[in-house]
Amino acid sequence: MMNLTDIRTVKSVLMRYGFHFSKKLGQNFLVDPTVCPRIAEMGGARPGHAILEIGPGIGTLTQQLALRAERVTAVELDKRLFPILEETVGEFENLHILHGDILEQSIPELLEQEFGDMSISVCANLPYYITTPILMHLLESGVDFESITVMVQKEVAEKLQARVGTRQAGAITVAVQYYGTVELLFSVPSRSFLPPPNVESAVIQIRVGRRYAQQTKDPKHFFRMVRNGFSQRRKMLVNVISTTMGYSKEMLIAALHELELSEKVRIEQLSMEQLVGLSNLLCETDPT
Ligand code: SAM
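Residues numbered from 1 in each chain as written. Predicted model: local features only at pLDDT ≥ 70, side-chain atom pairs only at ≥ 80, totals over all residues. Heavy atoms only, no water.

Scanning the protein from terminus to terminus reveals 13 helices and nine strands. Counting only C-alpha atoms and orienting by the principal axes, one finds that the protein spans roughly 70 × 40 × 30 Å. Looking at the protein residue by residue over its 288 residues, the buried ones come to 52%. Contacts in the protein between residues far apart in sequence, at least 24 positions, make up 69% of those at least 6 positions apart. Counting only carbon and sulfur atoms, one obtains 49% of the accessible surface of the protein, whose full area is about 13,600 Å². The protein carries 29 positive and 33 negative side-chain charges, and their two centres are separated by 9 Å. (Helix = DSSP H or I, 4+ residues; strand = E, 2+ residues; numbered from the N terminus. Buried < 20%, exposed > 50% of the residue type's maximum accessible area, 1.4 Å probe, protein only. Contact = heavy atoms within 4.5 Å. Areas by Shrake-Rupley, 256 points an atom, 1.4 Å probe, with all protein chains shown as cover. Lys, Arg positive; Asp, Glu negative; His and termini not counted. Charge placed at Lys NZ, Arg CZ, Asp CG, Glu CD.)

This is the structure in structure tokens:
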């Protein structure tokens, strides 16, 4: 097996194929020998289990996944990487590499076709320019992944695992935690990548669960309320939601009181349960 964390080997492969990194596609390849085995192991790659990888690059993480999992499917957008991947990971019979944009794939259809009814996890070193769209695409697909273990910018990792109801949390925190629990597994310095990105990185794990989805009467209303509320998060919730969604202030105050909340509360102070409770109280009333 080729040592894809040896800088000299990597540089010589890239040179042979005349490959130049695309900044636009978020191409920072892992060259730290400790990181990929950790992602593969903590991400659940094991016999009997399937892994979806997004953006295999030259195959550094892919190797570690294919060594451990029953089956691995990797989706890569950059066609130039395919001849390289043929050389670096072509030997793995349990690996299938597909060309495409992950955001344009129907995730349930792709997984059905690739893995049938196997249990599945996602492992990836994500292209940072589309971290949020990819996470939402996976979570909104309705697929019950065992877990989603991904490298993201450290700042994003901290935001995603912040407690909803604190200043550190944002609309994206609520959106992701609606679908599961988030844990920051470990930090990764920029020197672990070739070329090194300008930001620090961290690996997070999302354990998918439907707890809040089951409690929410109208998910569309819930997400609309969260988006509107967080667009002016420092203002009083009553003012923001009455302006953006058309509810009367009296009605909003009554709903807040029912949830034993002050009428002066800001949306960023509400816990996940309180946000779901508020949306459930409001969604059945047409504000117009
Ligand atoms: N997994 C490799 C590693 O860890 O060394 C490469 C990770 S690199 C941060 C991100 C990879 O995602 C690149 O190979 C890039 O070409 C690919 N990529 C970018 N946008 C994509 C998209 N929309 N769909 C699928 N792959 C994409």
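Let us look at the side chain of Glu114. Here Glu114 is to be found in helix 5 (residues 107–115). The side chain of Glu114 sits in the buried core without any salt bridge; Arg71 is the nearest counter-charge, 5.6 Å away. A distance of 2.8 Å separates a polar atom in the side chain of Glu114 from a polar atom in the side chain of His96. Ignoring anything within four residues of it in the chain, the contact list for Glu114 reads Arg71, Thr73, His96 and Leu98. (Salt bridge = Lys/Arg side-chain N within 4 Å of Asp/Glu carboxyl O. Polar contact = N/O pair within 3.5 Å; in protein donor to acceptor, adjacent residues only side chain to side chain.)

The local shell around the ligand holds 24 residues, among which Leu30, Gly55, Glu76, Asp101 and Asn125 are the closest. At 2.8 Å, a backbone N or O of Leu30 approaches an oxygen atom of the ligand. Note that an oxygen atom of the ligand is positioned 2.8 Å from one of the side-chain N or O atoms of Asn125. Considering the ligand on its own, with 590 Å² of exposed area, one finds that the protein chains cover 99% of that surface. When contributions to the shell around the ligand are tallied by element, the ones reaching two or more residues are strand 1 (29–30) and strand 3 (71–76). Of the residues that constitute the shell around the ligand, the class distribution is twelve nonpolar, eight polar and four charged. (Near = heavy atom within 4 Å. Nonpolar A, V, L, I, M, F, W, Y, C, P; charged D, E, K, R; others polar.)

A word on the pairing of strand 4 (residues 95–99). Inspection of the sheet shows strand 3 paired to strand 4 by five bridges, in the parallel sense. Paired with Glu76 across the bridge in strand 4 is His99. (Pairing = 2+ DSSP bridges.)

Remember that the coordinates give geometry; whether it matters functionally is a separate question.
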